[in-house]
Amino acid sequence: MINILLAGGLALVFTLFGTPRLIAYLTRKQYGQFIREDGPKAHLVKRGTPTMGGLVIVSSAIGAYFISHLVLWNPMTLSGLLLLGLAGALGALGFLDDWSKIARERSLGLTARGKLIGQFLIGGGFAVLALNFPDERGLRPASQFVSFLRDINWLYLPFFLAVLWIVFLVMAWSNAVNLTDGLDGLAAGSATLVLAAFAVVNIWQFNQWCARTSTAGPRCYEVRDPHDLAVVALAFAGACFGFLWWNAKPAKIFMGDTGSLALGGVLAGLSVMTRTELLLVVLGMLFVMEAGSVALQVAYFKATKGKRIFKMSPIHHHFELLGWQEVTVVIRFWIIAGLCVALGIGLFYAEWVVTQ
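Criteria and cut-off values
Residues numbered from 1 in each chain as written. Predicted model: local features only at pLDDT ≥ 70, side-chain atom pairs only at ≥ 80, totals over all residues. Heavy atoms only, no water. Helix = DSSP H or I, 4+ residues; strand = E, 2+ residues; numbered from the N terminus. Rg over C-alpha atoms; globule rule 2.2 N^0.38 Å. Buried < 20%, exposed > 50% of the residue type's maximum accessible area, 1.4 Å probe, protein only. Contact = heavy atoms within 4.5 Å. Areas by Shrake-Rupley, 256 points an atom, 1.4 Å probe, with all protein chains shown as cover. Salt bridge = Lys/Arg side-chain N within 4 Å of Asp/Glu carboxyl O. Phe/Tyr/Trp six-rings, centres within 6.5 Å; stacked < 30°, edge-to-face > 60°. Pairing = 2+ DSSP bridges. Disulfide = S-S within 2.5 Å. Axes fitted to C-alpha atoms, helices over the stretch in contact; angles between N-to-C directions. Parallel < 35°, antiparallel > 145°, perpendicular 65-115°, else oblique. Nonpolar A, V, L, I, M, F, W, Y, C, P; charged D, E, K, R; others polar. Core = buried A, V, L, I, M, F, W, Y, C linked by side-chain atoms within 4.5 Å. Left-handed = near helix turned anticlockwise from the far one by under 90°.

1. Structural notes on the overall build of the protein chain
Logical step 1: Tallying secondary structure elements over the protein chain gives 12 helices and 2 strands in all.
Logical step 2: Overall, the protein chain shows an N-to-C arrangement of helices and strands of α-α-α-α-β-β-α-α-α-α-α-α-α-α.
Logical step 3: Radius of gyration (C-alpha) of the protein chain: 20 Å, near the 21 Å computed for a compact globule of 356 residues.
Logical step 4: The principal-axis extent of the C-alpha atoms belonging to the protein chain is close to 60 × 50 × 35 Å.
Logical step 5: Of all 356 residues assigned to the protein chain, the portion counted as buried reaches 53%.
Logical step 6: The contacts in the protein chain between residues at least 6 apart in sequence include a share of 76% that link residues at least 24 apart.
Logical step 7: On the protein chain, roughly 15,600 Å² of surface is accessible, and the fraction owed to carbon and sulfur atoms is 70%.

2. Examining the pattern of salt bridges
Logical step 1: Across all of its chains, the model carries 10 salt bridges by this definition.
Logical step 2: Notably, a salt bridge pairs Arg137 with Asp135, separated by 3.6 Å at the nearest N-O pair.
Logical step 3: Residue Arg137 is classed as partly exposed on the basis of its relative accessible area, which comes to 34%.
Logical step 4: Residue Asp135 is classed as buried on the basis of its relative accessible area, which comes to 17%.
Logical step 5: Between Arg219 and Glu351 there is a salt bridge, with the nearest N and O atoms lying 2.4 Å from each other. Here Arg219, found in the loop between α6 (186–207) and α7 (226–247), pairs with Glu351, found in helix α12 (residues 326–354); they are 132 residues apart in sequence, far enough to count as distant.
Logical step 6: For Glu351, a relative accessible area of 15% puts it in the buried group.
Logical step 7: Within this structure, Asp135, Arg137, Glu222, Arg224 and Asp225 form a network of salt bridges that share partners.

3. With respect to the packing of aromatic side chains
Logical step 1: Going through the model one piece at a time under the given rule, you end up with 11 aromatic pairs.
Logical step 2: Each ring, one from Tyr221 and one from Phe348, has its centre 5.5 Å from the other, and the planes form 15°; the classification is stacked. Of the two residues, Tyr221 is situated in the loop between α6 and α7 and Phe348 in helix α12; the sequence distance between them amounts to 127 residues. In terms of burial, Tyr221 and Phe348 fall into one category: buried.

4. Details of the pairing of strand β2 (residues 151–156)
Logical step 1: In the sheet, strand β1 (residues 145–147) pairs with β2 via 2 bridges, with the strands oriented antiparallel. Along β2, the bridge assignment pairs Phe145 with Tyr156.
Logical step 2: Between β1 and β2, which pair antiparallel in sequence order, lie 3 residues.

5. Some remarks on the state of the cysteines
Logical step 1: Taken as a whole, this structure holds 1 disulfide when the rule is applied.
Logical step 2: The disulfide partner of Cys210 is Cys220, and the gap between their sulfur atoms is 2.0 Å. What sets the handedness of the Cys210 and Cys220 disulfide is the S-S torsion sign, and at about 95° it is right-handed. Of this pair, Cys210 sits in the loop between α6 and α7 while Cys220 sits in the loop between α6 and α7, and the two are 10 residues apart along the sequence.

6. Concerning the packing of helix α5 (residues 159–180) against helix α10 (residues 285–303)
Logical step 1: It is at 8 Å that the axes of α5 and α10 come closest, and there the two elements cross at 85°. In terms of orientation, α5 and α10 fall into the roughly perpendicular class. Here α5 contributes Trp173, Ala176, Val177, Leu179 and Thr180 to the contact with α10, which in turn contributes Phe287, Val288, Glu290, Ala291 and Val294.
Logical step 2: For the contact of α5 with α10, a count of residues per class yields 8 nonpolar, 1 polar and 1 charged.

7. Re unusual backbone geometry
Logical step 1: In this structure, the amide linkage connecting Lys249 to the following residue, Pro250, adopts the cis form with an omega of -5°.
Logical step 2: Examined against the element boundaries, Pro250 turns out to sit in the loop between α7 and α8 (256–273).
Logical step 3: Of the consecutive residues Ser313 and Pro314, the connecting peptide bond is found in the cis state with omega at 0°.
Logical step 4: In this structure, Pro314 sits in the loop between α10 and α11 (315–321).
Logical step 5: Even without being a glycine, Phe133 presents a positive backbone phi close to 60°.
Logical step 6: With respect to the helices and strands, Phe133 occurs in the loop between α4 (112–130) and β1.

8. Re the nonpolar core
Logical step 1: By size, the foremost hydrophobic cluster in this structure holds 83 residues, and its most contacted members are Leu195, Phe236 and Leu263.
Logical step 2: No other element matches the 13 residues that α7 contributes to this core.
Logical step 3: Those residues within four positions of Leu263 in sequence are excluded, and the remaining contacts are Ile57, Val177, Ala191, Leu195, Phe236, Cys240 and Met255.
Logical step 4: Ranked by size, the runner-up nonpolar core spans 10 residues in total, among them Leu286, Phe319, Val329 and Val330.

9. Some words on the packing of helix α1 (residues 2–29) against α7
Logical step 1: Interaxial distance between α1 and α7 falls to 7 Å at its minimum, and their mutual angle equals 30°. With respect to α7, the axis of α1 lies roughly parallel. For the crossing formed where α1 meets α7, the hand is right-handed. Across from Asn3, Ile4, Leu5, Ala7, Gly8, Ala11, Leu12, Thr15, Leu16, Thr19, Pro20 and Ile23 in α1, the residues of α7 making contact are His227, Ala230, Val231, Leu234, Ala235, Gly238, Ala239, Phe241, Gly242, Phe243, Trp245 and Trp246.
Logical step 2: Broken down by class, the residue content of the contact of α1 with α7 amounts to 17 nonpolar, 7 polar and no charged.

Here you go:
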């Protein structure tokens, strides 16, 4: 437990005090955000705000993970390292996207196809590695079952389909968080809540872990390395929380695709490794709502040849154009995210209680 708290605390301190240094560097180099011209006019004042703040989120979380293990002499695990690798690789892809926006001086970075290909390759590499390397009990970091509160025994996937399923999750969640990152503090605050929820899930799984034969009950959790996954989850939660100090309105820095793609990948990876893939739909319902609003808008626009459901998507812009203040939208969406997290944790705990 000390390792988990130390990683979260270190990551929070690193982003809290490291972010202003990154802001100063990016401001000096004039690496600012370009705002889409068709967006809410109130956002035009944000033009030039430093972006790529995800660099400090990802580096702080990874640094906190390694330092906490070295200080306490706790062994690192394959699950933890794979999750950090996924976050780092997606963060690097997001960095390329952010950098291309700055270099081209426009609000569009990598092409949609290029970004999707990158996500597909990164997700595929993660999936193949996670579905291999069994431990002494024969347990791999990921399983070939689709999962909700634990693996669903009748939803077994052949290896190739399991890889595609994990790739889909990585791509879906990284893009969902990316779409949510459109208002000051919205993605960072919401991600903090969901990551903290995963830390709770992992701690509970560790306490009821099948590998702990002395305390394992009939409904123990057959997962791999839950304690170390809790370290990663709380490290990223702490990093997001510290970053929020500088990202809350008025934002002094944006996380950019560097942060949003990495955070979405961490959420997807945690759901895969904790065997809670479909539970993440509940925990992260706000991200689903944001991505779903874009999908609905595009589908309806094409079907009706130009009509729209929302004034603008993602849906947070719709409420802005209805006259809500940006900070009002953010706080109310945080409340929605908190309620979804509470519901998800309640379902997770209720399943264990009912089946005892």
